[in-house]
Amino acid sequence: MEGWRFIAQRALSEDIVDWEVPFALTSNPKRDLSGPGAMTGTITPEYSRMIGSDGLPILQEWGTKLYLEIDGHIRWGGIVTKTSFDGPQFTVACEGFSSYPHGIPYESYIISGKKITPKDPYAGKDKNHDGWVDGQKGKKKVPPPPKPYGGPRIDMFDGFRHVWNHVQSKPGGDIGLVIDSHDLGELLGTSDGEDPWELAWWDNPDCGQVLDNLTAQTPFDWIETHEWANSTSNTITHRIRLGKPRLGRKRTDLRFMDGENIAAIAKPEGMGDDYANEAIVLGKGEGKKMKRAQVYRPRTDGRLRRVATVTDKTLASDKSLRTRGEKELAGRTANLQIPAIQIWNHPNARFGSWSLGDDIRVQVHVPWVGDVDVWHRIIGDEISADGRCTLTLRRSDSFHY
């Protein structure tokens, strides 16, 4: 593990309390596309060593940020979320910063695309219901009431940032994440006001679940990153990068090939019971009034009908229901995929040369299948101390944007 070190920092003050935490990995640090990632490890306690200069334990649940630095670069960052003791062994579980909003209630109110019904100036002025305004000299027909319309709407990313700002604005809640400032170009709610997007404290929404739902609704990508502010600083910056709608690019400059830099591949697999060529999405409402959409994949390959049913009570517009159904079908492809590959640090693709969300060409030989040459997206990565890295993959054609 030459060039590796684990750095501990107080969660709120961000004071560094240990530059060389004696942390032994039990699971490799994992980064996820549109997810927090995780890392676990153990320490055989040196009690005097594991107490900070402030008199507090260096590793505290929800009180310590822990980073992996490799050769001067922050490769993983997260929060200590669970600790346990088994005899002399101290076990520590960490999750990425973006896990923090889960379990935090939303305590305010916001609405996008509120239905506005203008006041009818002629309401109550036709008491005999003859269609004419009462008490007028001459005859004046009662005009139809003004039509309702949709109020101001906010961009999807503004909604995402609003929830994060709400979480981090509370006392003790500022985890230090900066969210990208650009817009997605998709507005929440509908223009006619029939399906507003609303968050209300009295519904007790979970902030983490709201963020997950927003990510799935359009969909879009995001990743969490950590890095030194500059080469001479002890300050670590934290950011959530937002895709528009996706992150990553097609990497024709990298090569992943059996016998060159691929050390192992996870067993190639089809979808089995998870395969579907039709999706039914159930949204807001109950009984006959429940919102519903049905999405089909063209049946030109002779396969039997297989249906995936999805329930998401946050969805009401036909567009959002159909988008959710199309995303579900895209992930239930009939094609063979390579779930993961393990690679060496090799000139074909140096560690750190790719980004989560990149499309890479995977060329491997699979017994019973033959040579497989398929583009996959990197949706996760895990660097291990033995000089290998595991890339978690999904076929590029299984994404719907």
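Check the entry above for the structure.
Residues numbered from 1 in each chain as written. Predicted model: local features only at pLDDT ≥ 70, side-chain atom pairs only at ≥ 80, totals over all residues. Heavy atoms only, no water.

K.L.:
How do you make sense of the pattern of salt bridges when you look at a structure like this?
P.N.:
Pairing is possible between side chains that carry opposite charge, provided their charged atoms lie close to one another. Applying the stated criterion to the full structure yields 20 salt bridges. Between Arg10 and Asp54 there is a salt bridge; the shortest N-O distance is 2.8 Å. Here the residue Arg10 occupies a position in strand β1 (residues 4-10), and Asp54 occupies one in the loop between β4 (35-43) and β5 (64-70), the gap between them amounting to 44 residues. Judged by relative accessible area, which is 7%, Arg10 ranks as buried. With a closest N to O distance of 2.7 Å, Arg305 and Glu278 form a salt bridge. Remark: Glu278 occurs in strand β17 (residues 278-282) and Arg305 occurs in the loop between β18 (292-296) and β19 (307-311); sequence separation between them is 27 residues. Three or more residues are tied together by salt bridges with common partners; here these are Asp158, Arg161 and Asp183. (Salt bridge = Lys/Arg side-chain N within 4 Å of Asp/Glu carboxyl O. Helix = DSSP H or I, 4+ residues; strand = E, 2+ residues; numbered from the N terminus. Buried < 20%, exposed > 50% of the residue type's maximum accessible area, 1.4 Å probe, protein only.)

K.L.:
Help me understand the sheet that holds strand β13 (residues 222-228) in this model?
P.N.:
Strand pairing in a sheet takes place through backbone hydrogen bonds and is either antiparallel or parallel in direction. If you walk across this open sheet you meet the three strands as β11-β14-β13, and the pairing is mixed. Strands with a single pairing partner mark the edges of an open sheet, and in this sheet they are β11 (177-179) and β13. Strand after strand, the sheet turns through a mean of 25 degrees between neighbouring axes, direction not considered. As defined by bridge partners, β13 adjoins strand β14 (residues 236-242) across seven bridges and the pair is classed as antiparallel. The residue bridging Glu224 from the neighbouring strand is Ile240, located in β14. (Pairing = 2+ DSSP bridges. Axes fitted to C-alpha atoms, helices over the stretch in contact; angles between N-to-C directions.)

K.L.:
Help me understand the pairing of β5 in this model?
P.N.:
Successive residues of a regular strand alternate their side chains across the two faces of the sheet. With seven of its seven residues buried, β5 lies for the most part within the structure. Here β5 shows no split at all, with Thr64, Leu66, Leu68 and Ile70 on one side and Lys65, Tyr67 and Glu69 on the other all buried. Across seven bridges, β1 lies against β5 in antiparallel orientation. Considered in β5, the bridge of Phe6 is made with Leu68. Alignment of β5 against strand β6 (residues 73-86), held across six bridges, turns out to be antiparallel. Looking across to β6, one finds that Ile70 is bridged to His73. Here β5 folds back onto β6 in antiparallel fashion, the turn holding two residues, of which Asp71 has a positive phi close to 50 degrees.

K.L.:
Explain unusual backbone geometry here, please?
P.N.:
Most peptide bonds adopt trans geometry, and most residues besides glycine take a negative phi value. In the segment running from Lys244 into Pro245, the intervening peptide bond is cis, with an omega of 0 degrees. In this fold, Pro245 is placed in the loop between β14 and β15 (256-257). The residue Glu14 is not glycine, and still its phi comes out positive at about 60 degrees. With respect to the helices and strands, the residue Glu14 is situated in the loop between β1 and β2 (16-18). Even without a glycine there, the phi angle at Ser34 is positive, about 60 degrees.

K.L.:
So what exactly am I meant to see when it comes to the sheet that holds β17 here?
P.N.:
Read from one edge of the open sheet, three strands run β18-β17-β19, paired in mixed fashion. Edge positions in the sheet fall to β18 and β19, since each has one partner strand and no second. Strand-to-strand, the axes of this sheet are offset by a mean angle of 15 degrees, without reference to chain direction. Looking at chain direction, β17 and β19 are connected through five bridges and run parallel.

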